[in-house]
Each structure stands twice: as structure tokens, then as C-alpha cells.
Amino acid sequence: MQYKREEPFRFTFAKPIVGTFFIKKYDGKDIESKPGPLAIIDLSPRGMKLITPLDLPVFQKPIELTVNFSLLDENLTITGLAVWKEKSNHEFLYGIEAFTDENQQQLLLDTLKQYAKEYRKR
């Protein structure tokens, strides 16, 4: 399954950002999963690409994830729908479409722009 991104700004991290996630909903039903490890490869106000060792059944039923991570000392939480999956060695890549409102999108955009500025200084 291919997913076409049409976004004005998507930041790819030179070193992926470590975080955790849990499954919020599976097939429309609320569930409480244990947290799982992940690394964010790229991020935009509307979604992200992440990698984890966990194999989630995204093609069987819709899965909503809540992702937690820190960027520039800002603790961020994004909830979104897993829209694609790809195996990569012994791990799995996922594309997440974020359920963000305008305020969350602006916070992410501002944080990413500041991160990009700080990153260029290094």
C-alpha cells in the first residue's frame, strides 16, 4: 500500500528521535496496551514515519497509536492512524497519519523549525 504525502514541511532526523507508543484503539475499540519502543525517522505537523521492533497488524484492522517523545525539551504526544507498514531488516517502518488540530500542528511546526535551526548550528 502506498501513501502519498502532500505536505509543505517534513523534517527527516539525522539521528532518529527515541520515544514510546501505545495502541489507543484497535478496530475502533478502545484498548490499553503496554508501551512499546520506537524511533521517529521523520515528522511533519500531519504525520510521521517511525520504526519499531514490534510487528503490528495494521492491514487487518485500523490501529490508532499514541506516540510520546521529546524534542528540544518539549514533551510531545501525537495520536494517529497507522496507514502503512514495511519490514526493514528485523524491524518495521510505519507511516502514521496524525490526528492534530491547528494548534497542535502549529506547535509541531514551530518546534521542528527551532530544532532544524539548532541542528544546523552543530
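Bear in mind the structure is a predicted one, so any value in this text is a computation, not a measurement. (Residues numbered from 1 in each chain as written. Predicted model: local features only at pLDDT ≥ 70, side-chain atom pairs only at ≥ 80, totals over all residues. Heavy atoms only, no water.)

## Thoughts on the overall build of the protein
The cut-off we apply is this: Helix and strand assignments come from DSSP, with helices taken as H or I runs of at least 4 residues and strands as E runs of at least 2, each series counted from the N terminus. The globule rule used for comparison is 2.2 Å times the number of residues to the exponent 0.38, while the radius of gyration itself is calculated over C-alpha atoms. Burial here depends on accessible area, computed with a 1.4 Å probe over protein chains only, as a share of the maximum for the residue type. Under 20% is buried, over 50% is exposed, and the range in between is partly exposed. Only heavy atoms enter the contact rule, under which two residues are in contact if any of them lie within 4.5 Å. Per-residue and other accessible areas were derived by the Shrake-Rupley procedure at a 1.4 Å probe size, with only the shown protein chains allowed to occlude residues. In this tally, Asp and Glu contribute negative charge and Lys and Arg positive charge; neither His nor the terminal groups of the chain are included. Taken as the charge location is NZ of Lys, CZ of Arg, CG of Asp or CD of Glu.
Looking only at helices and strands, the protein features one helix and seven strands. Across the protein, helices and strands are ordered from the amino to the carboxyl terminus as β-β-β-β-β-β-β-α. Its C-alpha radius of gyration of 14 Å places the protein within 12% of the 14 Å reference for a compact globule of 122 residues. Projecting the C-alpha coordinates of the protein onto the three principal axes gives extents of approximately 45 × 35 × 30 Å. Classification of the 122 residues of the protein by burial places 40% in the buried group. Of all intrachain contacts in the protein linking residues separated by at least 6 positions in sequence, the fraction that spans at least 24 positions is 62%. Element-wise, carbon and sulfur atoms account for 49% of the exposed surface of the protein, whose accessible area totals about 7700 Å². Here the protein contributes 18 positive and 17 negative side-chain charges, whose respective centroids are spaced 4 Å apart.

## Some thoughts on the pairing of strand β7 (residues 91–98)
Side-chain direction in a regular strand flips from residue to residue, so the side chains alternate between the two faces of the sheet. Short version of the rule: Two strands make a pair as long as DSSP finds a minimum of two bridges between them.
Burial within β7 is extensive, with six of its eight residues counted as buried. With six bridges joining them, strand β4 (residues 47–52) and β7 adopt antiparallel strand pairing. When the sheet's bridge partners are listed, Met-48 is paired in β7 with Ile-96. Sheet analysis places strand β6 (residues 74–88) next to β7, joined by eight bridges and oriented antiparallel. Along β7, the bridge assignment pairs Trp-84 with Gly-95. Adjacent in sequence and paired antiparallel, β6 and β7 are bridged by two residues, among which Asn-89 carries a positive phi angle near 55°.

## Quick notes on the packing of aromatic side chains
What counts, and what does not: Within 6.5 Å between ring centres, the rings of Phe, Tyr and Trp (the latter by its six-membered ring) count as paired, and their orientation is classed by plane angle as stacked under 30 degrees, edge-to-face over 60, tilted in between.
For the structure on display, the rule yields three aromatic pairs. Taken together, the ring pairs in this structure connect Phe-11, Phe-13 and Tyr-115 into an aromatic cluster.

## Digging into the nonpolar core
Defined as follows: Remark: nonpolar core denotes a set of buried residues (Ala, Val, Leu, Ile, Met, Phe, Trp, Tyr, Cys) joined through side-chain atoms within 4.5 Å.
In terms of nonpolar packing, the biggest core is built from 28 residues, with Phe-13, Ile-40, Leu-43, Phe-69 and Leu-71 touching the most fellow members. Looking at this core, the elements with two or more residues in it are β1 (11–26), β3 (36–44), β4, β5 (63–71), β6, β7 and α1 (102–121). In terms of nonpolar packing, the next biggest core, distinct from the first, is built from six residues, Ile-41, Val-83, Trp-84 and Leu-93 among them.

## Comments concerning the UniProt feature "domain: PilZ" (unreviewed entry) in the protein
Under the convention used in this document: UniProt positions are given in the numbering used here, feature names are shortened, and annotations may be inferred rather than shown by experiment.
Feature annotation in UniProt places "domain: PilZ" (unreviewed entry) on residues 39–109, given in this structure's numbering. The span residues 39–109 is 11% helix and 62% strand, and its two end C-alpha atoms sit 19 Å from each other.

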